[in-house]
Amino acid sequence: MLNVHNLNYSSSRTLLFQRFSVIFMDVLFVYAVRECCKCIDGKKVGKELTEKPKFILSVLLLWNFGLLIVDHIHFQYNGFLFGLMLLSIARLFQKRHMEGAFLFAVLLHFKHIYLYVAPAYGVYLLRSYCFTANKPDGSIRWKSFSFVRVISLGLVVFLVSALSLGPFLALNQLPQVFSRLFPFKRGLCHAYWAPNFWALYNALDKVLSVIGLKLKFLDPNNIPKASMTSGLVQQFQHTVLPSVTPLATLICTLIAILPSIFCLWFKPQGPRGFLRCLTLCALSSFMFGWHVHEKAILLAILPMSLLSVGKAGDASIFLILTTTGHYSLFPLLFTAPELPIKILLMLLFTIYSISSLKTLFRRSFTLVAQAGVQWHDLS
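Bear in mind the structure is a predicted one, so any value in this text is a computation, not a measurement.

Participant: I'd like a description of the overall build of the protein chain, backed by residues and values.
Facilitator: The secondary structure content of the protein chain amounts to 14 helices and zero strands. Ordered by position from the N terminus, the helices and strands of the protein chain form the series α-α-α-α-α-α-α-α-α-α-α-α-α-α. Looking at the protein chain as a whole, 43% of its 379 residues qualify as buried. Carbon and sulfur atoms make up 68% of the accessible area of the protein chain, which totals about 21000 Å².

Structure, rendered in C-alpha cells:
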C-alpha cells in the first residue's frame, strides 16, 4: 500500500483499513464538538432538550452534510482535521491560549489549507494573550506587552515546525515539499464547480471569447483548448480577459481579509470576535485564493455553526451559507446511485437547520421569509 511505484494497487484489506481509520479518527471530532458545546452561552434554554443551543450545535456539527459526504463517501480525513481546528477554537474560548496555539500549529502541518485562517489566529493570540491589559476604551495598553508570552508562543510554533519539517531539512528535501504544498502550475481553479470569484471570472472570459468568435474578432486557432468544465485539475489560459497570476490572487485575498483583521486588532470582541474573523478569513480565501478546492467552504461553514446558535442574524447568514456551500459540493459525488443519497442527506440537514434555528429564535426574527436578510451583522 505504501509502495509508490505500485500506483494501481487495490485490495479489500486496504479499503477496510481506510474506511475504519476514518471512522476511528472521527472520535477526535466528536470530542472537539463536545468541548465547543461547553463554550456556548446557555441563556436561551428551551424546555425540551432538542430546543437547547448546545443540542442544536452538536447536531449541526456532528451531522454536517458537507463533512459527511467528503469523508465517508468521497473518502478523506477532514473530520480528524476539523476536530483539531474546533478543539483549538474551544481552547481559545476557555482562555487556554497555549493549548490552542499548539493545536493549530499541529493542524497547519497536517494540512496547509488551514493557512487560510492563520491570520485570525496570529492576530488574536498576539492581541488577547501577549497584551495582558487594555485601556478602559478597549485600546491597547502597550506597557502590558509580555515578551515572555510572545517567546512562549514562538517556541511552540518552532518546536512543532522543527518536528514536522526537520527530517525533510536533514535530507535536503524541503524544496520538494514546498513545490507540492503550493502547486502554482496547476492553474487558477481546481475545477469549475468551486463557486468563487475566479470561477465567475473564467466564465465571463468564456462568454466573451464566444462572442468574439461569433463577431469574428478572434482567431479560432488562438483559442486555448483547455476546458473549465471538464472537472480536471489543469492550467487555463484566458482568451479575452487578462490571465491571473498567483501574486494577484494573494493580493486580492489580503485586501479582502484586512477589514476583519483590522477589527480584531483595534475593536476586540473576545473569542466570538475571533470566530467572526476566522470565518471571514476562510470566506475571503475561498473567494479569491489560488487553486481553491470545493471542500474549502467547510472552513467557513463549521465555525459559523458556533455563531449560528448565538444570534438570530448569524443564524440567517448561516442558513444561506450552509445551503449554497453544501450544494456546491454536489459534483464531488457524480455517479447515478449517489444522486438520491446526496439529495436526501442535504434535505434532511437543511430542514433540521431551518426548523431548529427558527425554534431557537422564534421571538427574535422570521427566517428567510423576510424581504431583507440581516447582512449588516457581517460587519
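Picking up where we left off.
Participant: For the packing of helix α4 (residues 78–93) against helix α6 (residues 118–128), give the residues involved together with the corresponding values.
Facilitator: When two helices pack together, their arrangement is given by the angle between the helix axes and the distance between those axes. Here α4 crosses α6 at 20 degrees, and the two axes come no closer than 13 Å. Here α6 runs roughly parallel to α4, going by the angle between their axes. The way α4 lies across α6 gives a crossing that is left-handed. In contact with M85, S88, I89 and L92 of α4, α6 contributes Y121, Y124 and L125. Taken together, the residues of the contact of α4 with α6 break down into six nonpolar, one polar and no charged.

Participant: Describe a nonpolar patch on the surface, with residues and values.
Facilitator: Judged by side-chain polarity, L204, V207, L208, I211, L215, F217 and V240 come together as a nonpolar surface patch covering roughly 640 Å² of accessible area. Here V240 shows up in the loop between α9 (197–214) and α10 (246–266).

Participant: Let's hear about the nonpolar core: which residues, and what values?
Facilitator: By size, the foremost hydrophobic cluster in this structure holds 81 residues, and its most contacted members are F82, L86, I89, Y114, Y121, F274 and L357. If one sorts the elements of this core by residue count, α4 sits on top with eleven residues. In this structure, L86 is in contact with F29, A32, V33, C36, L61 and L306, ignoring residues within four places of it in sequence. Judged by nonpolar contacts, the second largest core, of seven residues, contains L188, C189, V244 and W290.

Participant: Talk me through the UniProt feature "transmembrane region" (unreviewed entry) in the protein chain; I want residue IDs and the actual numbers.
Facilitator: Mapped onto this numbering, the UniProt entry gives "transmembrane region" (unreviewed entry) at residues 15–33, 54–70, 100–126, 146–171, 247–267, 273–290 and 297–321. End C-alpha to end C-alpha, residues 146–171 measures 37 Å, and it is 92% helix and 0% strand. Strand forms 0% of residues 297–321 and helix 84%; the C-alpha atoms that close the span are 9 Å apart.

Participant: Before we move on, could you go through the pattern of salt bridges and cite the residues and values that matter?
Facilitator: With the rule as written, the count across this model stands at seven salt bridges. We note a salt bridge from R362 to E51, for which the minimum N-O separation is 4.0 Å. Taken together, the positions of R362 in the segment after α14 (338–360) and E51 in the loop between α1 (12–38) and α2 (53–62) put the pair 311 residues apart, joining distant regions of the chain. When its relative accessible area of 52% is taken as the criterion, R362 is described as exposed. Three or more residues joined by partner-sharing salt bridges are found here, namely R34, E35, K38, R91, R96 and E99.

Participant: Summarise the side chain of R127; cite the residues concerned and give the values.
Facilitator: Here R127 lies in helix α6. There is a polar contact of 2.7 Å between the side chain of R127 and the backbone oxygen of W265.

Participant: Give me the lowdown on the side chain of S260, citing residues and values where you can.
Facilitator: Its place among the elements puts S260 in helix α10. Owing to a relative accessible area of 10%, S260 belongs among the buried residues under this scheme. Separated by 2.8 Å, the side chain of S260 and the backbone oxygen of I257 make a polar contact. Contacts of S260, omitting those with residues within four sequence positions, involve C277, L280 and C281.

Participant: Give a description of the packing of aromatic side chains that names residues and reports values.
Facilitator: Scanning the model with the defined rule gives 15 aromatic pairs in all. The interplanar angle of 45 degrees and the centroid separation of 5.2 Å between the aromatic rings of Y327 and F330 together place this pair among those described as tilted. Residue classification places Y327 among the exposed positions, given a relative accessible area of 54%. F330 gets classed as buried once you look at its relative accessible area, which sits at 13%. The structure contains a cluster of three or more aromatic residues connected by ring pairs, namely F104, Y121, Y124 and F274. Positioned above the aromatic ring of W265 is the side chain of R127, whose terminal nitrogen or guanidinium carbon lies 5.9 Å from the ring centre.

Participant: Explain the packing of α6 against helix α11 (residues 270–288) to me, using residue names and the numbers behind them.
Facilitator: Interhelical geometry of α6 versus α11 gives an angle of 155 degrees and a closest axis separation of 8 Å. On the basis of their axis angle, the class for α6 and α11 is roughly antiparallel. In the crossing of α6 with α11, the sense of the turn from one axis to the other is right-handed. Counting all contacts with α6, which are made through P119, A120, Y121 and Y124, the residues of α11 involved are G270, P271, F274, C277, L278 and C281.

Criteria and thresholds
- Residues numbered from 1 in each chain as written.
- Predicted model: local features only at pLDDT ≥ 70, side-chain atom pairs only at ≥ 80, totals over all residues.
- Heavy atoms only, no water.
- Helix = DSSP H or I, 4+ residues; strand = E, 2+ residues; numbered from the N terminus.
- Buried < 20%, exposed > 50% of the residue type's maximum accessible area, 1.4 Å probe, protein only.
- Areas by Shrake-Rupley, 256 points an atom, 1.4 Å probe, with all protein chains shown as cover.
- Axes fitted to C-alpha atoms, helices over the stretch in contact; angles between N-to-C directions.
- Parallel < 35°, antiparallel > 145°, perpendicular 65-115°, else oblique.
- Left-handed = near helix turned anticlockwise from the far one by under 90°.
- Contact = heavy atoms within 4.5 Å.
- Nonpolar A, V, L, I, M, F, W, Y, C, P; charged D, E, K, R; others polar.
- Patch = residues over 30% accessible without salt bridge, like charges linked within 9 Å, V, L, I, M, F, W, Y side chains within 5 Å.
- Salt bridge = Lys/Arg side-chain N within 4 Å of Asp/Glu carboxyl O.
- Core = buried A, V, L, I, M, F, W, Y, C linked by side-chain atoms within 4.5 Å.
- UniProt positions renumbered as here; feature names shortened; annotations may be inferred.
- Polar contact = N/O pair within 3.5 Å; in protein donor to acceptor, adjacent residues only side chain to side chain.
- Phe/Tyr/Trp six-rings, centres within 6.5 Å; stacked < 30°, edge-to-face > 60°.
- Lys NZ or Arg CZ within 6 Å of the ring centre and 35° of its normal.

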